[in-house]
Structures are given as C-alpha cells and as structure tokens.
Amino acid sequence: FSSMKSPLLACLTLLSSLAVIRLFGQSAAPAPAAPKLEFAFEAHVTVGAPQEVGVVAGGTRRLIPITGGTFSGPGLKGKILPGGADHQLLQPDGFTQLEARYVLETDEGEKIYVVNRGVRYGAPEVLARLNAGERVDPNLIYFRTAATFEAAAPRLQAMTRAIYVAVGERYPTDVVVRFYRVL
C-alpha cells in the first residue's frame, strides 16, 4: 500500500494544481478578441441657440434645444423629433460633459428614445470659437459619446440590447453624429 501512496499523492497534487489554475483563470483558453465596430447610422441634428443656466456646482450649465433633423443607416431611416435637448456642463478649461436626450422616428413611424452621453474637448482657442458659434475643423475637437436606445417596435429590439459608441461633429446650427454598434 505504501508503494501506491506516491503515485496517488502525485495524482491528487496534480488535480489540486489544475483546480487552482482553473479557479484563478490561468487556463490555456485564449482571451476574447478586442471589440470591433459596425456602422449603425448617421444623424444630422439641428439645434437651437444655447440656453445658459449659469455657473453651478461643477461648471457652467447650459442646454442646447434639439429642433429636428434626419438620420439614416442600413435598414434605418427617419427624422429627429423636436423637443429634445443636449444638457451640457462646461468646465473652465473647456472640457464639456454632454447628455443628449431626444426621440427618433423611423419612416415606418417607429419611435426610438435616445440617451447619448459623452465628452467634448479641444484646444482652448478652438473651443472658444466653437462655443461662440463659429465653424471649426471637427478634427480639432475630441467629441465621443456612448448611446442607449429604447424602442417598442419588435424589429428594433436588437438596438436596445447592444452597446453603441459615436463620434460627433459640432457646427453652428447642427451636429453630425455617427453611431457604431460594438460587436
């Protein structure tokens, strides 16, 4: 029996080691691939003049009324309904936190509620021109967001169950936002 102890002990030790490796994730399985992006749609949003609330805790609060617009992408096309707004909090250095809430309506009459949160910043002199309503090169501004969608239409449920990121361009009277689904 004592001659069986060593192989049995070795086998138990090996099994214990494998269990520990598996427990702490050091397996031979490859790591998941980095996410890829798939173009979803592009929105051309018309906006009104900023409504300044003033200096509040955390920065300067302002709201940008969303007055309409259009959107289109593979299998998706329609208009942006007036009545939404982009709620902005501007920091003294120009860094801006954004939260836009608005409704899309497809050509089929389906409504999609959008919440789009993100940031915008750039060199102080470029941001000063942008905030004064001047047209600036969008490549000089970092404007990125993450969006969520709510929809009742059965064909749009996939939109409500995915993560979307976007790249924005701000112009004096409109904003162009390109949305991408994270795969």
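Given the structure is predicted, the values throughout are model-derived calculations rather than measurements.

Quick notes on the rules
- Residues numbered from 1 in each chain as written.
- Predicted model: local features only at pLDDT ≥ 70, side-chain atom pairs only at ≥ 80, totals over all residues.
- Heavy atoms only, no water.
- Helix = DSSP H or I, 4+ residues; strand = E, 2+ residues; numbered from the N terminus.
- Buried < 20%, exposed > 50% of the residue type's maximum accessible area, 1.4 Å probe, protein only.
- Contact = heavy atoms within 4.5 Å.
- Areas by Shrake-Rupley, 256 points an atom, 1.4 Å probe, with all protein chains shown as cover.
- Polar contact = N/O pair within 3.5 Å; in protein donor to acceptor, adjacent residues only side chain to side chain.
- Pairing = 2+ DSSP bridges.
- Core = buried A, V, L, I, M, F, W, Y, C linked by side-chain atoms within 4.5 Å.
- Lys, Arg positive; Asp, Glu negative; His and termini not counted.
- Salt bridge = Lys/Arg side-chain N within 4 Å of Asp/Glu carboxyl O.
- Phe/Tyr/Trp six-rings, centres within 6.5 Å; stacked < 30°, edge-to-face > 60°.
- Lys NZ or Arg CZ within 6 Å of the ring centre and 35° of its normal.

Draft legend 1. Region of the structure containing the overall build of the protein. Broken down by element type, the protein carries 3 helices and 10 strands. Overall, the protein shows an N-to-C arrangement of helices and strands of α-β-β-β-β-β-β-β-α-β-α-β-β. In the protein, which comprises 183 residues, the share counted as buried stands at 33%. Intrachain contacts of the protein at a sequence separation of at least 6 include 50% that bridge at least 24 residues. With the model as given, the accessible surface of the protein reaches about 11000 Å², and the carbon-plus-sulfur share is 61%.

Draft legend 2. Structural context of the side chain of Arg 62. Structurally, Arg 62 is set in strand S3 (residues 59-73). Taking the relative accessible area as the measure of exposure, Arg 62 reaches 5% and is therefore buried. There is a polar contact of 2.8 Å between the side chain of Arg 62 and the side chain of Gln 88. Apart from residues no more than four positions distant in its own chain, Arg 62 is found in contact with Pro 50, Gln 51, Glu 52, Val 53, Asp 86, His 87, Gln 88, Leu 90, Arg 120 and Asn 131.

Draft legend 3. View of the pairing of strand S4 (residues 76-80). With 4 bridges joining them, S3 and S4 adopt antiparallel strand pairing. Each bridged residue has a counterpart across the sheet, and for Thr 70 the counterpart in S4 is Lys 79. Pairing analysis gives 3 bridges linking S4 to strand S6 (residues 96-106), with the strands arranged antiparallel. Along S6, the bridge assignment pairs Lys 79 with Glu 105.

Draft legend 4. The arrangement of the nonpolar core in detail. With 33 residues, the main nonpolar core has Phe 41, Ile 112, Phe 149 and Phe 179 as its most contacted residues. With residues up to four places along the chain from it excluded, the contact list for Phe 41 reads Phe 71, Ser 72, Gly 73, Leu 76, Leu 104, Phe 149, Met 159, Val 177, Arg 178 and Phe 179.

Draft legend 5. Structural context of the side chain of Arg 120. Assignment of secondary structure puts Arg 120 in strand S7 (residues 111-122). One buried charge, Arg 120, has no salt-bridge partner; the nearest side chain with opposite charge is Asp 86, at 5.4 Å. Those residues in contact with Arg 120 that lie beyond four places of it in its chain are Arg 62, Gln 88, Gly 94, Phe 95, Thr 96, Leu 98, Leu 130, Asn 131, Ile 141, Tyr 142, Phe 143 and Arg 170.

Draft legend 6. Geometry of the packing of aromatic side chains. Under the counting rule described, the total for this entry stands at 8 aromatic pairs. With a centroid separation of 5.7 Å and 65° between ring planes, the pair formed by Phe 41 and Phe 71 is classed as edge-to-face. A residue pair is termed long-range when its members are at least 10 positions apart, and Phe 41 in strand S1 (residues 37-47) and Phe 71 in strand S3 qualify at 30 residues. Across the pair, Phe 71 and Phe 41 agree in class, each one buried. Seen in terms of ring centroids, Phe 41 and Phe 179 are 4.5 Å apart; in terms of plane orientation they differ by 20°. Their pairing is stacked. Taken together, the residues Phe 41 in strand S1 and Phe 179 in strand S10 (residues 174-182) connect sequence positions 138 residues apart. Comparing Phe 41 with Phe 179, the two get one shared label, buried. By the ring-pair criterion, three or more aromatic residues cluster together here, those being Phe 41, Phe 71, Phe 149, Tyr 164 and Phe 179. Over the aromatic face of Phe 143 sits the side chain of Arg 120, whose NZ or CZ is 5.8 Å from the ring centroid. When the ring centre of Tyr 142 is taken as reference, the NZ or CZ atom of Arg 144 above it lies at 4.7 Å.

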